[in-house]
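# Topology and contacts: notes
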Amino acid sequence: MPGQMAGGGCIFCNIARGEAPAHIVYEDDSVAVFLDIYPVEKGHLLVIPRSHYESVADAPPRVAARVFATAAALARLYREALGAPGVNVVANSGRPAGQEVFHFHVHVIPRWRGGGWRTLFMRHRLTEDEAREVLEMWRPLRGSIGEYVRGAFMPG
Ligand code: AMP
Ligand code: ZN
C-alpha cells in the first residue's frame, strides 16, 4: 500500500488496530473516530481511515470521501443532536500546515464558547472525566453516524 509505514511505528495505525490506547467514539470497516488528547474544546474528535496514508493529499478519493463523510456526520450531529452552535472541520497536510501526525486525519471540533479561528491553537490535556463525558454523549448517536455514512455511499 503506498505510504504504508513499516514496523508498526505509526501511532494512528496502532490506534486503528486496537494496539494503542484511545477513547473510541465510533468505528466501522473503513474509519475510526477517537478523542484528541489535546482538545481545543470538549469533544474534539479525530477521524482517521484504517489504512495508512500520510495526509489528505495522499489518500485515494474514495478514502478521503469516506473520512470527510464521517466528519460531516459528526458536524451535523454536534449541531442537531448535541447543541453545538459551531463546529470546525480541519485537515492539516504537511509540516508547514501544522501537521504533526503523518497518518491522514480530520479534526472535528465543536465550538461551545466561540472564539473562531484564532483560538484553534489553545489546547488543554484531555482528562479522564472529560473523556467519559464525551463518550457518554456520543453513545446513543453511533447508529446515526453509520446511517449518514452509508447513505453517502449508496449507489445512485
Ligand atoms: P495535526 O497537527 O493535524 O497532525 O494533529 C495531530 C493531532 O493528534 C493533535 O491535535 C494531537 O493532540 C493529536 N494526537 C497525537 N497523538 C494522539 C494520540 N495518541 N491520541 C489522540 N490524539 C493524539
Ligand atoms: Zn498510520
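Preceding block: the structure.
From a predicted model like this one, the values you see are computed outputs, not experimental measurements. (Residues numbered from 1 in each chain as written. Chains lettered and ligands numbered in written order. Predicted model: local features only at pLDDT ≥ 70, side-chain atom pairs only at ≥ 80, totals over all residues. Heavy atoms only, no water.)

## Some thoughts on the overall build of the chain
The helix and strand tally for the chain stands at four helices and five strands. For the chain, the sequential pattern of α-helices and β-strands runs α-β-β-β-α-β-β-α-α. The C-alpha radius of gyration of the chain comes to 15 Å, within 12% of the 15 Å expected for a compact globule of 156 residues. Taking the principal axes of its C-alpha atoms as reference, the chain extends roughly 40 × 40 × 30 Å. Intrachain contacts of the chain at a sequence separation of at least 6 include 66% that bridge at least 24 residues. Carbon and sulfur atoms form 55% of the exposed surface of the chain, whose accessible area is close to 8400 Å². Between the averaged position of the 17 positive side-chain charges in the chain and that of its 16 negative side-chain charges there is a distance of 3 Å. (Helix = DSSP H or I, 4+ residues; strand = E, 2+ residues; numbered from the N terminus. Rg over C-alpha atoms; globule rule 2.2 N^0.38 Å. Contact = heavy atoms within 4.5 Å. Areas by Shrake-Rupley, 256 points an atom, 1.4 Å probe, with all protein chains shown as cover. Lys, Arg positive; Asp, Glu negative; His and termini not counted. Charge placed at Lys NZ, Arg CZ, Asp CG, Glu CD.)

## Some remarks on the coordination of the zinc ion (ligand 2)
Around the zinc ion (ligand 2), the donor atoms from the protein are Cys-10 (SG), Cys-13 (SG), His-52 (ND1) and His-103 (ND1), and they sit 2.0 to 2.3 Å away. Angles of 107 to 118 degrees at the metal separate the four donor atoms of the zinc ion (ligand 2), which places the site in the tetrahedral class. Each donor residue of the zinc ion (ligand 2) belongs to the same chain, with the gaps between them written as C-x2-C-x38-H-x50-H. Placement of Cys-13 in helix H1 (residues 11–16) and of His-103 in the loop between strand S4 (86–90) and strand S5 (106–111) is noted, with a sequence separation of 90 residues between them. (Donors = N, O, S within 2.8 Å, 3.2 Å for Na, K, Ca; no water. Tetrahedral: all angles 85-135°; square planar, octahedral: opposite > 155°, others 65-115°.)

## Looking at the site of ligand 1
By nearness alone, 17 residues border ligand 1, and Asp-36, Gly-98, Glu-100, His-105 and His-107 come closest of all. Contacts to ligand 1 include Asp-36, whose side-chain N or O atom sits 2.5 Å from an oxygen atom. Within the complex, the protein chains bury 88% of what would otherwise be the 510 Å² of accessible surface of ligand 1. Among the elements that make up the shell around ligand 1, the one with the highest residue count is H1 (three residues). Classifying every residue of the shell around ligand 1 gives nine nonpolar, five polar and three charged. (Near = heavy atom within 4 Å. Polar contact = N/O pair within 3.5 Å; in protein donor to acceptor, adjacent residues only side chain to side chain. Nonpolar A, V, L, I, M, F, W, Y, C, P; charged D, E, K, R; others polar.)

## Some points on the packing of aromatic side chains
Ring pairs (aromatic) are described by centroid distance and by the angle formed between their planes. In the structure shown here, the tally under the stated rule is four aromatic pairs. Ring plane angle 40 degrees and centroid distance 6.3 Å describe the contact between Phe-68 and Phe-104, whose orientation is recorded as tilted. Note that Phe-68 is positioned in helix H2 (residues 61–80) and Phe-104 in the loop between S4 and S5, a separation of 36 residues in sequence. Exposure remark for Phe-68: the relative accessible area of 33% places this residue in the partly exposed category. The class of Phe-104 is buried, set by a relative accessible area of 1%. In this structure an aromatic cluster arises from ring pairing among Tyr-78, Trp-112 and Trp-138. Taking the ring centre of Phe-153 as reference, the NZ or CZ of Arg-66 above it sits at 4.8 Å. (Phe/Tyr/Trp six-rings, centres within 6.5 Å; stacked < 30°, edge-to-face > 60°. Buried < 20%, exposed > 50% of the residue type's maximum accessible area, 1.4 Å probe, protein only. Lys NZ or Arg CZ within 6 Å of the ring centre and 35° of its normal.)

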